[in-house]
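# Structural features, examined
Each chain is listed here by its residues.
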Amino acid sequence: MPDSRPDAATPTAPTAPTAPSGPTAPTAPTAPTTLTGTAPATRRSDATRGAILDAARERFAADGYERATIRAIARDANIDPSMVMRYYGSKEGLFAAAVSVDLRLPDPSAFAREDAGRALVTHFLDMWEENEVLTALLRVGVTNQAGAERMQAIFRDQLLPVARAVCPDPEQTPARAALCAAQLLGLALTRYVLRFPPAVALTRQEAVAWLAPTVQRYLTAPHP
């Protein structure tokens, strides 16, 4: 018979002893995260840009600037056209990024200092008339920042060394080269892009006769 006294208590199971305190056991190191099978985002981006530029160079060379399309370039690169626009913004921006122009300027040692103006004007007339890419880049450069920067780089890296070789004062070389570029690009813009009739009508000999003395003065005349 159970004990019904008020002070009787139901026995409880003994509590397990608490482990003595001490230093916390080291946590097992987490396995390093790997990128196996997944290229980093930057690497994927670089690969996409490279594929776009390669396709653009081939398409611009094959079709010319006017006929090449973003859709055709994207198809060649095996990507969606929206990706081209994402990276380069427009056809003009893509063209400016894709093209590489070697002006093939004459070696200053190949002509006398007093013939530098004629040599440069003659050479640039050859370039404008034979190089569709250069004319297209000029067209892009007057309307697109990327094209303008590409033209600036081309003339800085290729015309400036020639000007430095013939200018009497090295400190004036950048300004003199810029003045030469103004003449050469001005002729190209009016003759081959905007196609002003009087500029187009100039014979090659007339163009050289008019421009060569001015370019020569910019290169070698005393500072005014």
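Calculation criteria
Residues numbered from 1 in each chain as written. Predicted model: local features only at pLDDT ≥ 70, side-chain atom pairs only at ≥ 80, totals over all residues. Heavy atoms only, no water. 1 Å grid on protein atoms, 1.4 Å probe; cavity = no way out; pocket = protein on both sides within 12 Å on 5 of 7 lines; lining within 4 Å. Points joined across faces, edges and corners; volume = space filled by probe spheres on them. Helix = DSSP H or I, 4+ residues; strand = E, 2+ residues; numbered from the N terminus. Nonpolar A, V, L, I, M, F, W, Y, C, P; charged D, E, K, R; others polar. Phe/Tyr/Trp six-rings, centres within 6.5 Å; stacked < 30°, edge-to-face > 60°. Buried < 20%, exposed > 50% of the residue type's maximum accessible area, 1.4 Å probe, protein only. Lys NZ or Arg CZ within 6 Å of the ring centre and 35° of its normal. Salt bridge = Lys/Arg side-chain N within 4 Å of Asp/Glu carboxyl O. Expected span 1.5 Å × (residues − 1). Arc of directions from axis to C-beta. Contact = heavy atoms within 4.5 Å. pLDDT = per-residue confidence, 0-100. Core = buried A, V, L, I, M, F, W, Y, C linked by side-chain atoms within 4.5 Å.

With that settled, consider the layout of surface pockets. In this approach, a probe sized like a water molecule rolls over the atoms, and the result shows the empty space that is left. There is about 170 Å³ of room inside the largest pocket. Forming the walls of the largest pocket are Gln 172, Ala 175, Arg 176, Leu 179, Arg 217, Tyr 218, Ala 221, Pro 222, His 223 and Pro 224. At the level of elements, helix H8 (173-193) and helix H10 (204-220) are the ones that each hand at least two residues to the lining of the largest pocket. Considering every element that reaches the lining of the largest pocket, the biggest residue donor is H8, with 3 residues. Residue composition of the lining of the largest pocket, grouped by class: 6 nonpolar, 2 polar and 2 charged.

Evaluation of the coordinates by the stated rule reveals 5 aromatic pairs. Ring geometry for Phe 124 versus Trp 128: centroids 6.2 Å apart, planes at 35°, classification tilted. In this pair, Phe 124 and Trp 128 are both assigned in helix H5 (residues 116-130), 4 residues apart and thus about one turn of the helix distant. Comparing Phe 124 with Trp 128, the two get one shared label, buried. Three or more aromatic residues link up through ring pairs in this structure, and these residues are Phe 60, Tyr 65 and Phe 95. If you follow Arg 49 out to its NZ or CZ, it ends over the ring of Tyr 88, 5.7 Å from the centre. Stacked on the ring of Tyr 87, the Lys or Arg Arg 86 has its end atom at 5.4 Å from the ring centre.

This part covers the pattern of salt bridges. All chains considered together, the criterion is met by 8 salt bridges. One salt bridge in this structure joins Glu 129 and Arg 204, with 3.6 Å as the shortest N-O distance. Placement of the pair is Glu 129 in helix H5 and Arg 204 in helix H10, with a sequence separation of 75 residues. Judged by its relative accessible area of 41%, Glu 129 falls in the partly exposed class. Because the salt bridges share partners, they merge into one network encompassing Asp 126, Glu 129, Arg 191 and Arg 204.

So, on to H8. For H8, with 21 residues, the first-to-last C-alpha span of 28 Å sits near the 30 Å given by 1.5 Å per residue. Along H8, the residues classified as buried are Thr 173, Arg 176, Ala 177, Cys 180, Ala 181, Leu 184, Leu 187, Ala 188, Arg 191, Tyr 192 and Val 193. One side of H8 holds all its buried residues, which, seen down the axis, span an arc of 165°. Looking at the buried positions of H8, the neighbouring elements they touch are H5, helix H6 (132-141), helix H7 (145-166), helix H9 (197-201) and H10. Trailing H8 by a residue or two, Arg 195 shows a phi angle of about 55°, which is positive.

Of the residues in the protein chain, 83% have a pLDDT of 70 or more, and the chain-wide mean is 85. Low pLDDT, under 50, characterises residues 4-37; the stretch is placed with 2 contacts to residues that sit more than four places away or in other chains.

This part covers the nonpolar core. If you look at the biggest cluster of nonpolar residues, it comprises 59 residues, and the most contacted ones within it are Leu 94 and Leu 219. Setting aside residues up to four positions removed in sequence, Leu 219 forms contacts with Ala 116, Gly 117, Leu 120, Ala 163, Val 166, Cys 167, Pro 168, Arg 176 and Cys 180.

A separate point is the environment of Thr 143. Turning to its location among the elements, Thr 143 is positioned in the loop between H6 and H7. For the pair Thr 143 and Glu 92, spaced 51 residues apart in sequence, the C-alpha to C-alpha distance is 8.4 Å.

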